[in-house]
Amino acid sequence: MYLAEYPIITNEDGLPFMIRGIGRTDSQPPVNREKGLLSYQILYVLSGKGVLCTNDRECILERGDACVLLANVPHRYTAITKEWATNWITFRGDGVFIENLLNVLGIPAGMPIHFHAIEILDEHFNAMMGIIHEKQPYYIYTCSGIIYETLLDICKQLKRDSASFTAVEDSYVNSAIEYMDVHYNEDVFLTQIAAHASCSPEYLCKIFRRKTGMRMFEYLAKKRIAQAKQLLTQTTLPIAQVGAMVGYRDNSYFGYVFKKQENVTPSEFRGL
């Protein structure tokens, strides 16, 4: 099924957003716009899966994914499942204003933004379809406001995803720290830490350094030396035994790491 509504073009040139068309396609055919559209477009997926190519970049669009396409930017999209149902909204306006607004809202052009509750977009879409079909008074003005609300909801979804993404990264890092705090006196391997955090070793190293300002094994060394300092000041255990108790089986290496951090050897620290 293909269903579309196109408003009668009027003289509301001063509006920030002017609806130019809105439609639903149950079986989206391939689209190849070598020069782009004259209008901006909001496209979102109801079911199935397709691929969007724009700015020399490909991305998959599936149910719940929305994207904003800029005017006059070449793009193409096509289904990669038997059925690919999409809704689309095209609009015009002051290009500088619109693109500045997208930048302010942090909406990346041509990139998917996933909605777990697609009803948020459907509400705006159905409202505009009905308003244009019935030619309600001042419907161009009303649709201008709804387009703005739609963009704001896309921005809110990005913010929610960002907060959720940050929380997930924090949980990975906290799990890694938890593991090292418990197992610091054992032989610790990156693969073990990553498995405990349910994260790939490469990604864990990256986010750990970004969030803590240090490498994972730098944190582990600091933890070990902090525990060693307590043992050196609170017990009379031999230094080699202290090193072994905090995870350093090689006494020379324990001394090297200790001095690197504290600028004194373990024996000098004990004598202070």
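Everything discussed here concerns the structure shown above.
Bear in mind that the values here come from a model prediction, so they are computed numbers and not experimental data.

**Side note on the overall build of the protein chain**
So, point 1. Secondary structure summary: the protein chain contains nine helices and 10 strands in total.
So, point 2. In summary, the protein chain has a C-alpha radius of gyration of 29 Å against a globular reference of 19 Å for 272 residues, an excess of more than 25%.
So, point 3. For the C-alpha atoms alone, the extent of the protein chain along its principal axes is close to 90 × 40 × 30 Å.
So, point 4. By residue count, 42% of the 272 residues in the protein chain fall in the buried class.
So, point 5. When contacts within the protein chain are restricted to residue pairs at least 6 apart in sequence, long-range pairs at least 24 apart make up 71% of them.
So, point 6. For the protein chain, the exposed area adds up to about 14,500 Å²; of that, 54% sits on carbon and sulfur atoms.
So, point 7. Seen as two clouds, the 27 positive and the 30 negative side-chain charges of the protein chain have centres 7 Å apart.

**Examining the pairing of strand β5 (residues 49-54)**
If a strand is regular, its side chains alternate between the two faces of the sheet.
So, point 1. Of all six residues in β5, five are buried; the element is thus mostly enclosed.
So, point 2. For β5 and strand β6 (residues 57-62), the ladder comprises six bridges, and the chain directions are antiparallel. What sits directly across from L52, in β6, is C59.
So, point 3. Following β5, the chain reverses through two residues before pairing antiparallel with β6; N55 in that reversal takes a positive phi of roughly 55 degrees.
So, point 4. Where β5 and strand β8 (residues 75-79) come together, five bridges link them in antiparallel fashion. By the bridge assignment for β8, T54 is matched with H75.

**Quick word on the sheet that holds β6**
So, point 1. Read across the sheet, four strands follow the order β3-β8-β5-β6 without closing on themselves; strand pairing throughout is antiparallel. The open sheet is flanked by β3 (31-33) and β6, the only strands paired with a single partner. When strand polarity is set aside, the average angle formed by the axes of neighbouring strands in this sheet is 15 degrees.

**Thoughts on the environment of D65**
So, point 1. In this fold, D65 is placed in strand β7 (residues 65-69).
So, point 2. On a C-alpha basis, the gap between D65 and P112 in space is 5.6 Å, while along the polypeptide they are 47 residues apart.
So, point 3. Sequence-distant contacts of D65, that is, excluding residues within four places in its chain, are made with L43, Y44, V45, I60, P112, I113 and H114.
So, point 4. Within the structure, the side chain of D65 is placed 2.8 Å from the side chain of H114, a separation counted as a polar contact.

**Some words on the state of the cysteines**
Two cysteines joined by a covalent bond between their sulfur atoms form a disulfide.
So, point 1. Counted by the stated rule, this structure contains zero disulfides.
So, point 2. Of all cysteine sulfurs in the structure, the one in C59 sits closest to C67, which takes part in no disulfide; the separation is 6.4 Å.
So, point 3. The class for C67 is buried, based on a relative accessible area of 0%.
So, point 4. The closest cysteine sulfur to the non-disulfide-bonded C155 is located on C67, 16 Å from its own sulfur.
So, point 5. Residue C155 is classed as buried on the basis of its relative accessible area, which comes to 11%.

**A short note on the packing of helix α3 (residues 139-183) against helix α4 (residues 190-197)**
So, point 1. With their axes 8 Å apart at the nearest point, α3 and α4 run at an angle of 125 degrees to one another. When the axis of α3 is compared with that of α4, the two are oblique. Read as a crossing pair, α3 and α4 show a hand that is right-handed. For the pair α3 and α4, contact is made by Y172, S175, A176, E178, Y179 and M180 and by Q192, I193, H196 and A197, respectively.

Calculation notes
- Residues numbered from 1 in each chain as written.
- Predicted model: local features only at pLDDT ≥ 70, side-chain atom pairs only at ≥ 80, totals over all residues.
- Heavy atoms only, no water.
- Helix = DSSP H or I, 4+ residues; strand = E, 2+ residues; numbered from the N terminus.
- Rg over C-alpha atoms; globule rule 2.2 N^0.38 Å.
- Buried < 20%, exposed > 50% of the residue type's maximum accessible area, 1.4 Å probe, protein only.
- Contact = heavy atoms within 4.5 Å.
- Areas by Shrake-Rupley, 256 points an atom, 1.4 Å probe, with all protein chains shown as cover.
- Lys, Arg positive; Asp, Glu negative; His and termini not counted.
- Charge placed at Lys NZ, Arg CZ, Asp CG, Glu CD.
- Pairing = 2+ DSSP bridges.
- Axes fitted to C-alpha atoms, helices over the stretch in contact; angles between N-to-C directions.
- Polar contact = N/O pair within 3.5 Å; in protein donor to acceptor, adjacent residues only side chain to side chain.
- Disulfide = S-S within 2.5 Å.
- Parallel < 35°, antiparallel > 145°, perpendicular 65-115°, else oblique.
- Left-handed = near helix turned anticlockwise from the far one by under 90°.

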